[in-house]
Amino acid sequence: MATPPDGVFVPVPTFFKTAPDAGQLQPAVDVATQAAHSVHLAKSGITGLVLLGSTGEAVHMSGEERKSLISGVRRGLDDAGFPDYPIMAGVLVNSVDETLEWLHQSKDAGAQWGLVLAPGYFGAAASQDNLVEWFTLVADKSPLPILIYNYPGVTNNLVVSIKTYETLAAHPNIVGCKMSHGNVSHHVQVSLHPKIDHTKFRVYSGFGQQLGPIVLFNAGGVIDGLAAIFPKTISRLFSLASKRPVDESTLEEVRRLQWKVSACEEYIVSNGILGIREGIYKVLGFGHLEGGRLPLKGKMAAGVYEQWSDIFGQMTEEEKKL
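The protein carries the name Dihydrodipicolinate synthase in an unreviewed UniProt entry, which gives Emericellopsis cladophorae as its organism.

Next comes the structure, spelled out in structure tokens:
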């Protein structure tokens, strides 16, 4: 099975319309805006997309809506001249059967990989041995190659161990992982582990703050929300950090850009999905600041975005140069 390319993937938020249609409880998915933003990212150097991950609010959507969104984005990319553009689809449920149902839907809609959240409803009560068995069962039956998605913040602090990664990396249908936590040692250990075939199993961080450090030590890249707002800058940082051999002038530019990216990532940490949506709207003009789906409906409090005007201004100038 194909391994995802190294680079910068964007976990895009899902765009919803401003208000529900007649007879509906929640605003419909805005597939046209979703596709337009996705094409902008592709044109700006982004390697690929993660649709319907945590940032994409997949848990707030029906199966038909998820399938429609993926297929709509795929059509939009194809029409814009980006056939076979990389798309990972988030899978955020705990049941093996339902996980496989999401994976089949995602494949039918045009995704090439499934990003499968570790089943953490019961937190650490899910033993590492049972995690290995759960992911093995899913991978054995999945129609798509899968990546292990470890996000302790939404799985009751469940952390996938290094040994578990080592074991699962040997499965032919498990091709990588996304670590959405701050343990850089785990990123580096898995990226360099001598018993893992790193041509077939790639490590991605969920945090752009870690891009430079982990890519210098063989990680595949990042799946980063800030890149939804500033795609050219994050892509440039990855390109420099992955350059080999590494010369001092390149490292100096990596340091300069990493500082700006890390400073700006604090906005994402502080404001989450609402902050990403507002940043996309104010910087790129996609979407709106009204509506959305409960419980993440609406926008940030007045003045919050403006608190980041200095570093956002610097990032905008970086984008214009690239």
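Structure's up, so let's keep going.
All chains considered together, the criterion is met by 15 salt bridges. Salt-bridge contacts for Lys320 lead to Glu317; the nearest nitrogen and oxygen are separated by 3.5 Å. A residue pair is termed a helical-turn pair when its members lie 3 or 4 positions apart in one helix, as Lys320 and Glu317 do in helix 10 (residues 309-321) at three residues. Look at Lys320 and you get exposed, because its relative accessible area is 61%.

Here we take up a nonpolar patch on the surface. Residues Leu192, Leu216, Phe217 and Val246 make up a contiguous nonpolar surface patch of roughly 320 Å² in combined accessible area. Relative to the assigned elements, Phe217 resides in the loop between helix 7 (211-215) and strand 8 (221-223).

Before going further, it helps to examine the sheet that holds strand 5 (residues 146-150). Spatial strand order, 1-2-3-4-5-6-7-8: eight strands in a closed barrel with parallel pairing. Ignoring which end each strand starts from, the neighbouring axes of this sheet average 25° apart. With three bridges connecting them, strand 1 (residues 7-11) and strand 8 associate as parallel partners. Within strand 8, the position partnered with Gly7 by the bridge is Gly221. Seen against the sheet, helix 2 (residues 63-79) touches strand 2 (48-51) and strand 3 (87-91) and runs at an angle of roughly 160° to strand 2. Its contacts with the sheet place helix 6 (residues 184-192) against strand 6 (174-179) and strand 7 (202-205), and it is angled at close to 165° to strand 7.

With that out of the way, let us pick up the packing of helix 8 (residues 231-241) against helix 9 (residues 248-284). Between helix 8 and helix 9, whose axes approach to 9 Å, the crossing angle comes to 145°. The interaxial crossing formed by helix 8 with helix 9 has left-handed handedness. On helix 9, the residues that touch Thr233, Ile234, Arg236, Leu237, Leu240 and Ala241 of helix 8 are Thr250, Glu253, Val254, Leu257, Gln258 and Val261. Residues that form the contact of helix 8 with helix 9 fall into these classes: seven nonpolar, three polar and two charged.

To continue, consider the pairing of strand 4 (residues 113-117). A regular strand places its side chains on the two faces of the sheet in alternate fashion. Among the five residues in strand 4, five count as buried, and that is most of the element. Alternating positions in strand 4 separate into two faces, Trp113, Leu115 and Leu117 on one and Gly114 and Val116 on the other, with burial throughout. As defined by bridge partners, strand 3 adjoins strand 4 across four bridges and the pair is classed as parallel. Within strand 4, the position partnered with Met88 by the bridge is Trp113.

Across all of its chains, the model carries three cavities of 30 Å³ or more by this definition. Here the largest cavity defines a volume of roughly 130 Å³. In terms of lining residues, the largest cavity is bounded by 15 residues, among which Arg277, His288, Leu289, Glu290 and Gly298 are the most central. Its residues assigned to classes, the lining of the largest cavity comprises five nonpolar, six polar and four charged. Its boundaries defined by the atoms lining it, the second largest cavity holds a volume of some 40 Å³.

Turning our eyes to something else, we now look at the packing of aromatic side chains. Scanning the model with the defined rule gives 10 aromatic pairs in all. For the ring pair Trp134 and Phe135, a centre distance of 5.0 Å and an interplane angle of 80° mean the geometry is edge-to-face. Consider the rings of Tyr267 and Tyr305, whose centres lie 6.1 Å apart with planes at 85°: the pair is edge-to-face. With Tyr267 in helix 9 and Tyr305 in the loop between helix 9 and helix 10, the pair connects residues that are 38 residues apart, well separated along the chain. Of the aromatic side chains, those joined through ring pairs into one cluster are Phe230, Tyr267, Tyr305, Trp308 and Phe312.

With respect to the helices, strands and loops of the structure, Val73 is situated in helix 2. When its relative accessible area of 0% is taken as the criterion, Val73 is described as buried. For the pair Val73 and Gly48, spaced 25 residues apart in sequence, the C-alpha separation works out to 12 Å. Residue contacts for Val73: discarding those within four places in its chain leaves Gln34, Ala35, Ser38, Leu49, Leu51 and Ile87.

Cut-offs applied
- Residues numbered from 1 in each chain as written.
- Predicted model: local features only at pLDDT ≥ 70, side-chain atom pairs only at ≥ 80, totals over all residues.
- Heavy atoms only, no water.
- Salt bridge = Lys/Arg side-chain N within 4 Å of Asp/Glu carboxyl O.
- Helix = DSSP H or I, 4+ residues; strand = E, 2+ residues; numbered from the N terminus.
- Buried < 20%, exposed > 50% of the residue type's maximum accessible area, 1.4 Å probe, protein only.
- Patch = residues over 30% accessible without salt bridge, like charges linked within 9 Å, V, L, I, M, F, W, Y side chains within 5 Å.
- Areas by Shrake-Rupley, 256 points an atom, 1.4 Å probe, with all protein chains shown as cover.
- Pairing = 2+ DSSP bridges.
- Axes fitted to C-alpha atoms, helices over the stretch in contact; angles between N-to-C directions.
- Contact = heavy atoms within 4.5 Å.
- Left-handed = near helix turned anticlockwise from the far one by under 90°.
- Nonpolar A, V, L, I, M, F, W, Y, C, P; charged D, E, K, R; others polar.
- 1 Å grid on protein atoms, 1.4 Å probe; cavity = no way out; pocket = protein on both sides within 12 Å on 5 of 7 lines; lining within 4 Å.
- Points joined across faces, edges and corners; volume = space filled by probe spheres on them.
- Phe/Tyr/Trp six-rings, centres within 6.5 Å; stacked < 30°, edge-to-face > 60°.

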